[in-house]
2 protein chains.
Amino acid sequence: MLDRNEITSIRSFNRNYTKLLGILNKRVLDTPLSWTEGRIILEIYFNQDKTPIEVANHLNLDKSYTSRILKRFEKNELLYKSPSSTDLRSKKIHLTTKGTKLAQQLDERSDQQIKDLLINLSPQQQQEFYEAVETIDKLLFNRK
Amino acid sequence: MLDRNEITSIRSFNRNYTKLLGILNKRVLDTPLSWTEGRIILEIYFNQDKTPIEVANHLNLDKSYTSRILKRFEKNELLYKSPSSTDLRSKKIHLTTKGTKLAQQLDERSDQQIKDLLINLSPQQQQEFYEAVETIDKLLFNRK
DNA sequence: CAAAGTAGTGGACAAAGTCCACCATTATGA
DNA sequence: TCATAATGGTGGACTTTGTCCACTACTTTG
């Protein structure tokens, strides 16, 4: 078991990382999108043809909230909806060319953001960072 | 330099950890406090006699926002302010007994929260987690 | 086929935070 | 030393982000 000091260190790390993620996530990268809006665009980008409900569920968002954001995106011509062939209640979401471009931008800049974060570290340190991230990811979120 | 896949993994980790911290930080531990309110209470708890501005700066909060929260705390008798002896504009903040108790509760439960998070890991895994956290903390936030 | 459930939307509201203006006081520099 | 700028603290007005509820249209289930 971890002792009190170690727990304190973890809490300190969590505060630091909360702050960092807050900055990273905040106003996302010169785009006019908020963090959640960005997630939605990327979700659709990487997985065309999703329905609003699927998007909401996968990103853990309120369906009403999601609906409003999608509507805004539609108005801004980032996406359009087509009726589902099998369920008349449901719709499929597709990015427009404009939406796709924005998604790509967002994706690239998110990568760049990580690179910028690590820019002052040596290649060895970057590797060390990466491995530590993988360790935590595996331990807490049991990926692969 | 890290390659594209590694960057992608880091971004995935960041999303996961954002979500985790969101849950940890959200409704803080049976107390009636929000995350920010909790931070303010703990900030004062660990560092009595701070001024509102110092609290705001240290936690990166708007001073107006901070002022309002402090006022609420004062009304709820969690703290009181005394005039600074050297600067008539300024005030020092002190927790009341009630405020101190709440801070202690918060502190304990924050520790407990971390323990709960790691409860399913073996002692070795917990140690591994701790070391990974320390690694990242050192690399990104250069603590000692 | 009746009843229950689901996709999607909108209204009303709340929480959290930002931005601006202001007063009182303090610090600065010509 | 005095005008000017800067700072601590507060409040009003507003925005952003999100929650909760209710409702319609359709679909699924027993």
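Everything in this summary refers to the structure shown in the same document. (Residues numbered from 1 in each chain as written. Chains lettered and ligands numbered in written order. Predicted model: local features only at pLDDT ≥ 70, side-chain atom pairs only at ≥ 80, totals over all residues. Heavy atoms only, no water.)

## A word on the protein's contact with DNA strand C
Lining the immediate surroundings of DNA strand C are 23 residues, of which A:S64, A:R68, A:R89, A:K91 and B:Y65 lie closest. Protein-adjacent atoms of DNA strand C, using a 4 Å cutoff, are sugar or phosphate at a proportion of 56%. Of all elements in the fold, only helix 3 (52-59) and helix 4 (63-75) of chain A together with helix 4 (63-75) of chain B reach the threshold of two or more residues within the surface near DNA strand C. It is helix 4 of chain A that provides the largest number of residues to the surface near DNA strand C, a total of five residues. Split by residue class, the surface near DNA strand C holds four nonpolar, eight polar and eleven charged. (Near = heavy atom within 4 Å. Helix = DSSP H or I, 4+ residues; strand = E, 2+ residues; numbered from the N terminus. Nonpolar A, V, L, I, M, F, W, Y, C, P; charged D, E, K, R; others polar.)

## Some details on the interface of chain B and chain A
Contact residues are listed per partner, giving 48 residues for chain B and 48 residues for chain A. Where B:R4 meets A:D111, a salt bridge forms, and the shortest distance between an N and an O atom there is 3.5 Å. For the interface between chain B and chain A, the tally reads eleven residue pairs in polar contact (both at pLDDT 80 or more). Elements represented by at least two residues in the side of chain B that touches chain A include exactly helix 1 (4-25), helix 2 (35-46), helix 5 (97-117) and helix 6 (123-141) of chain B. No other element matches helix 1 of chain B, which puts 18 residues into the side of chain B that touches chain A. Per-class residue counts for the side of chain B that touches chain A are 24 nonpolar, twelve polar and twelve charged. (Contact = heavy atoms within 4.5 Å. Salt bridge = Lys/Arg side-chain N within 4 Å of Asp/Glu carboxyl O. Polar contact = N/O pair within 3.5 Å; in protein donor to acceptor, adjacent residues only side chain to side chain.)

## Some words on the nonpolar core
In terms of nonpolar packing, the biggest core is built from 38 residues, with A:Y17, A:F129, A:I136, B:Y17, B:F129 and B:I136 touching the most fellow members. Elements with a contribution of two residues or more to this core: helix 1 (4-25), helix 5 (97-118) and helix 6 (123-141) of chain A together with helix 1 and helix 6 of chain B. Those residues within four positions of B:F129 in sequence are excluded, and the remaining contacts are A:I10, A:I136, A:L139, A:L140, B:Y17 and B:L118. (Core = buried A, V, L, I, M, F, W, Y, C linked by side-chain atoms within 4.5 Å. Buried < 20%, exposed > 50% of the residue type's maximum accessible area, 1.4 Å probe, protein only.)

## Description of the protein's contact with DNA strand D
For DNA strand D, the set of nearby residues contains 22 residues, the closest of which are A:T36, A:Y65, B:R68, B:R89 and B:K91. Protein-proximal atoms of DNA strand D, defined as those within 4 Å of the protein, fall in sugar or phosphate at a share of 58%. A distance of 2.8 Å separates a phosphate oxygen of DNA strand D from a polar atom in the side chain of A:T36. Between a base oxygen of DNA strand D and a side-chain N or O atom of A:R89, the distance comes to 3.5 Å. Going through the elements one at a time, helix 4 of chain A together with helix 3 (52-59) and helix 4 of chain B are the ones with two or more residues in the surface near DNA strand D. Looking at the surface near DNA strand D, the element that brings in the most residues is helix 4 of chain B, giving five residues.

## Describing unusual backbone geometry
Positive phi outside glycine occurs at A:E77, with the angle close to 60°. Within the secondary structure, A:E77 sits in the loop between helix 4 and strand 1 (79-83). A positive phi angle, close to 60°, is found at B:N60, a residue other than glycine. With respect to the helices and strands, the residue B:N60 is situated in the loop between helix 3 and helix 4. Judged by relative accessible area, B:N60 falls into the exposed class, the value being 55%.

## What to know about the layout of surface pockets
Residues and elements named next belong to chain A. If you add up the space inside the second largest pocket, you get close to 210 Å³. Taken together, T51, P52, I53, A56, K63, T66, S67, L70, K81, R89, S90 and K91 make up the lining of the second largest pocket. Elements with a minimum of two residues in the lining of the second largest pocket: helix 3 and helix 4. Take the lining of the second largest pocket: its biggest share by element is four residues, from helix 4. (1 Å grid on protein atoms, 1.4 Å probe; cavity = no way out; pocket = protein on both sides within 12 Å on 5 of 7 lines; lining within 4 Å. Points joined across faces, edges and corners; volume = space filled by probe spheres on them.)

## Some remarks on the relation of the copies chain B and chain A
Note on the identical chains: chain B maps onto chain A by a rotation of 179° and an axial translation of 0.1 Å, with an RMSD of 0.2 Å. Such a combination of rotation and displacement between the chain copies is what one expects of a two-fold axis. Identified as the residue of chain B closest to the rotation axis by C-alpha distance is B:A132, at 2.4 Å. Residue by residue, 100% of the interface of chain B is reproduced at the interface of chain A, so both copies engage with the same surface. (Least-squares fit on C-alpha atoms with pLDDT ≥ 70 in both.)

## A word on the environment of B:E54
Residue and element names in this part refer to chain B. Following the sequence through the fold, E54 ends up in helix 3. For E54, a relative accessible area of 37% translates into the label partly exposed. With 38 residues separating them in the primary sequence, E54 and K92 have C-alpha atoms 9.8 Å apart. Separated by 2.9 Å, the side chain of E54 and the backbone nitrogen of T51 make a polar contact.

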